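Each chain, written out:
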Amino acid sequence: MKIIYAIIIILAVYSIGTFIRLRYTLSVANLPNIVQHDKTFANQQSASDGNRTLRYIAAGDSTAAGEGANSVEKTYTYRVAEFLSQANTVEYRNVGVRGAQTQDVLDEQLEKIIAFNPDVVTLSIGANDVTHLKSSKKVVANFKTIIETLQSKTSAQIYITDVPILDQVTLLPYPYKKYLGHQIKKINPQILLLENERVHIVDIYNFGWNTYPDVNITFAKDGFHPSDEGYNNWTNAFLSRIQD
């Protein structure tokens, strides 16, 4: 019994210490405040040709909002809008929310996406579900509902990520992030199976990270969110599917 009590005390101290360290790291990281505004990306050629405007909306969590980037222009959603404007005038909106989970997309973001009447939707979500220890069954079920709703209520092309890699982030303690990595490996194969003609799964978990000799440069000062270099990889991952 004494051994059990000792283990409980050690785990409690470790958890408290980890929480304090995380709060301190996030407070001193002092990341830029990224604000995503509605924006029209004009393309004079498409306007003169009489082409209609392409409506693009980005949704999801802090990666969609651009947390960790040094400017809004470095975020993957902004750069996707820039890419789309090479051939179209683009009406861009971003409804991503820091800390959002899949249930938040269902409860709060889907209505906004549908009301926008989009032609293109990008969605990056799932990391906060995993860090908050939501069951893999619940996460996958929410992904399915999100996709089914977008397919039935919009005519958009949908680009949605699987859950990003978390077992390399420096902010999280080793045992915790290894557990998260185990959960992600259960979830992602099921998400990849959700692809169809209008739903394009962006495999952000596997895309491009092995090309970096030091993966730490892909993380912002908080050791959790993507840096500008990290968002460059996110951008390339999305464009690899949009250009398919």
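Residues numbered from 1 in each chain as written. Predicted model: local features only at pLDDT ≥ 70, side-chain atom pairs only at ≥ 80, totals over all residues. Heavy atoms only, no water.

For the rest of this paragraph, the subject is the pattern of salt bridges. Applying the stated rule across the entire model yields 3 salt bridges. Here E67 ties to R98 by a salt bridge, and the two come within 2.4 Å at their closest N and O atoms. Of this pair, E67 sits in the loop between helix 3 (62–65) and helix 4 (76–84) while R98 is found in the loop between strand 3 (90–94) and helix 5 (102–116), placing the two residues 31 residues apart along the sequence. By relative accessible area, R98 is classed as partly exposed at 38%. The salt bridge involving E195 is made with R241; its shortest N-O contact spans 2.7 Å. Of this pair, E195 sits in the loop between helix 8 (174–192) and strand 6 (199–202) while R241 sits in helix 9 (residues 228–242), and the two are 46 residues apart along the sequence. For E195, a relative accessible area of 34% translates into the label partly exposed. (Salt bridge = Lys/Arg side-chain N within 4 Å of Asp/Glu carboxyl O. Helix = DSSP H or I, 4+ residues; strand = E, 2+ residues; numbered from the N terminus. Buried < 20%, exposed > 50% of the residue type's maximum accessible area, 1.4 Å probe, protein only.)

Where helix 7 (residues 136–153) contacts helix 8, the two axes come as close as 10 Å, and the packing angle between them is 30°. Classified by the angle their axes make, helix 7 and helix 8 are roughly parallel. The way helix 7 lies across helix 8 gives a crossing that is right-handed. Touching S136, V139, V140 and F143 of helix 7 are Q183, K186, I187, Q190 and I191, all from helix 8. (Axes fitted to C-alpha atoms, helices over the stretch in contact; angles between N-to-C directions. Parallel < 35°, antiparallel > 145°, perpendicular 65-115°, else oblique. Left-handed = near helix turned anticlockwise from the far one by under 90°. Contact = heavy atoms within 4.5 Å.)

The subject of this paragraph is the environment of L150. Mapped onto the elements, L150 comes out in helix 7. A C-alpha to C-alpha distance of 7.6 Å links L150 and L110, two positions 40 residues apart in sequence. Here L150 is in contact with L110, I113, V121, I158 and R198, once residues within four sequence places are set aside.

Glancing now at the pairing of strand 3. Along any regular strand the residues' side chains alternate between the sheet's two faces. Burial of strand 3 is one-sided: the residues V90, Y92 and N94 facing one way are buried, the residues E91 and R93 facing the other way are not. For strand 1 (residues 39–41) and strand 3, the ladder comprises 3 bridges, and the chain directions are antiparallel. In the sheet register, T40 faces strand 3, and the bridge partner there is E91. Relative to strand 3, strand 2 (residues 54–60) is paired through 5 bridges, and the arrangement is parallel. Paired with A58 across the bridge in strand 3 is N94. (Pairing = 2+ DSSP bridges.)

In a regular helix each residue adds 1.5 Å, so 15 residues correspond to 21 Å; helix 9 covers 21 Å between its end C-alpha atoms and thus fits that length. Considered for burial, the residues of helix 9 that qualify are G230, Y231, N233, W234, T235, A237, F238, L239, R241 and I242. (Expected span 1.5 Å × (residues − 1).)

Another aspect to go through is the packing of helix 5 against helix 7. At a closest axis distance of 10 Å, the pairing of helix 5 and helix 7 adopts a crossing angle of 10°. Judged on the interaxial angle alone, helix 7 and helix 5 are roughly parallel. Residues T102, Q103, V105, L106, L110, I113 and I114 of helix 5 pack against K138, N142, F143, T145, I146, T149, L150 and K153 of helix 7. A class-by-class count of the residues in the contact of helix 5 with helix 7 yields 8 nonpolar, 5 polar and 2 charged. (Nonpolar A, V, L, I, M, F, W, Y, C, P; charged D, E, K, R; others polar.)

Our focus in this paragraph is the side chain of N94. Tracing the backbone shows N94 in strand 3. Separated by 3.2 Å, the side chains of N94 and T77 make a polar contact. Those residues in contact with N94 that lie beyond four places of it in its chain are Q36, A58, A64, A65 and T77. (Polar contact = N/O pair within 3.5 Å; in protein donor to acceptor, adjacent residues only side chain to side chain.)

Another aspect to go through is the environment of Q103. Note that Q103 resides in helix 5. Note on Q103: relative accessible area 29%, which makes it partly exposed. When the C-alpha atoms of Q103 and I125 are compared, they prove to be 9.9 Å apart, with 22 residues separating the residues in sequence. Q103 has contacts with K138 and N142, leaving out every residue within four places of it along the chain.

Our focus in this paragraph is the nonpolar core. Counting 64 residues, the largest nonpolar core has Y56, V80, L84 and I113 as the members making the most contacts within it. Look past the residues within four positions of V80 in its chain and what remains in contact with it is Y56, F238, L239 and I242. (Core = buried A, V, L, I, M, F, W, Y, C linked by side-chain atoms within 4.5 Å.)

Let us now look at unusual backbone geometry. Generally, phi is negative for residues other than glycine and the peptide bonds are trans, each holding for most cases. Although it is not a glycine, N117 sits at a positive phi angle of roughly 55°. Topologically, N117 is positioned in the loop between helix 5 and strand 4 (120–124). N117 gets classed as exposed once you look at its relative accessible area, which sits at 52%. Despite not being glycine, L133 shows a phi value in the positive range, around 60°. Within the secondary structure layout, L133 lies in the loop between helix 6 (127–131) and helix 7.

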